[in-house]
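# Inside the fold
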Amino acid sequence: IICIARFVMRRRISSNSPLQHLAQEASDAVEELQAGTDLKNIVIRSYYKMACIAGKLHNVRRSSDMTAQEFEQLLIDAGLPKEPLRQLTRLFEDVRYGTEVPSEKEEREAVRCLTAIAEACRSMP
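Residues numbered from 1 in each chain as written. Predicted model: local features only at pLDDT ≥ 70, side-chain atom pairs only at ≥ 80, totals over all residues. Heavy atoms only, no water.

### Comments concerning the pattern of salt bridges
A complete count under the given rule lists 4 salt bridges for this structure. For R86, the salt bridge goes to E72, with nearest N and O atoms at 2.8 Å. In this pair, R86 sits in helix α5 (residues 82–97) while E72 sits in helix α4 (residues 68–77), placing the two residues 14 residues apart along the sequence. Residue class for R86 comes out partly exposed when judged on its relative accessible area of 25%. R90 is the salt-bridge partner of E72, the closest N and O atoms lying 2.7 Å from each other. Placement of E72 in helix α4 and of R90 in helix α5 is noted, with a sequence separation of 18 residues between them. Accessibility expressed as a relative area gives 3% for E72, which makes it buried. By sharing partners, the salt bridges in this structure join E72, R86 and R90 into a single network. (Salt bridge = Lys/Arg side-chain N within 4 Å of Asp/Glu carboxyl O. Helix = DSSP H or I, 4+ residues; strand = E, 2+ residues; numbered from the N terminus. Buried < 20%, exposed > 50% of the residue type's maximum accessible area, 1.4 Å probe, protein only.)

### Focus on the confidence of the model for the protein
With 82% of its residues at a pLDDT of 70 or more, the protein shows a mean pLDDT of 77. Of all the helices and strands in the protein, helix α1 (residues 2–15) carries the lowest mean pLDDT, 43, while α5 carries the highest, 90. Here residues 1–14 is a poorly scored stretch, pLDDT under 50, and it has 2 contacts once near neighbours within four places are set aside; other chains count. (pLDDT = per-residue confidence, 0-100. Contact = heavy atoms within 4.5 Å.)

### Notes on the packing of helix α2 (residues 18–34) against helix α6 (residues 104–123)
Remark: α2 packs on α6, axes separated minimally by 8 Å, with the N-to-C direction vectors making an angle of 155°. For the element pair α2 / α6, the angle class is roughly antiparallel. When the axes of α2 and α6 are compared, the crossing they make is left-handed. Residues L19, L22, A23, Q24, A26, S27, A29, V30, L33 and Q34 of α2 pack against E107, A110, V111, L114, T115, A118, C121 and R122 of α6. Taken together, the residues that form the contact of α2 with α6 break down as 12 nonpolar, 4 polar and 2 charged. (Axes fitted to C-alpha atoms, helices over the stretch in contact; angles between N-to-C directions. Parallel < 35°, antiparallel > 145°, perpendicular 65-115°, else oblique. Left-handed = near helix turned anticlockwise from the far one by under 90°. Nonpolar A, V, L, I, M, F, W, Y, C, P; charged D, E, K, R; others polar.)

### Here's the deal with the nonpolar core
Grouped together as the largest cluster of nonpolar side chains are 33 residues, with contacts concentrated most on L33, V43, M50, L80, L85, L114 and C121. Elements with a contribution of two residues or more to this core: α2, α3 (39–54), α4, α5 and α6. In terms of residue count, α3 provides more of this core than any other element does, 8 residues in total. (Core = buried A, V, L, I, M, F, W, Y, C linked by side-chain atoms within 4.5 Å.)

### Here we look at the side chain of E93
Looking at where E93 falls in the secondary structure, it is placed in helix α5. One buried charge, E93, has no salt-bridge partner; the nearest side chain with opposite charge is R90, at 4.4 Å. Beyond its immediate stretch of four places on either side in the chain, E93 contacts A68, Q69 and G98. (Lys, Arg positive; Asp, Glu negative; His and termini not counted.)

### Focus: the environment of A110
As for its placement among the helices and strands, A110 is situated in helix α6. Spatially, the C-alpha atom of A110 lies 8.6 Å from that of L33, the residues being 77 residues apart in sequence. Those residues in contact with A110, other than ones at most four positions away along the chain, are L33, L39, V43 and L91.

Below you can see the structure in the form of structure tokens.
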């Protein structure tokens, strides 16, 4: 049964456009945060998945020497929402390189940003 579920999920994801896939990833991350999953892991994973999925959008690719802000600008230029991307990038940098444990405020911010990105992706052609 688990194998069948995985097959169905992979088929559903592969039939979606990159924007739909990105919207689903953002929605999944919000659900995981609301279920109590560690914010740091969710933000880092979401950011890297966003980078992979964005590679399929308008040939947006994050090179190994590109900064988070440079990648953010590529995504904005590709039509993704500016402010949520900027805030998610800052949050990514804070949790990836910082030593502080993320707070509830940062968790709420992550949920807001991911939700806005998911909604924007779903509304794009």
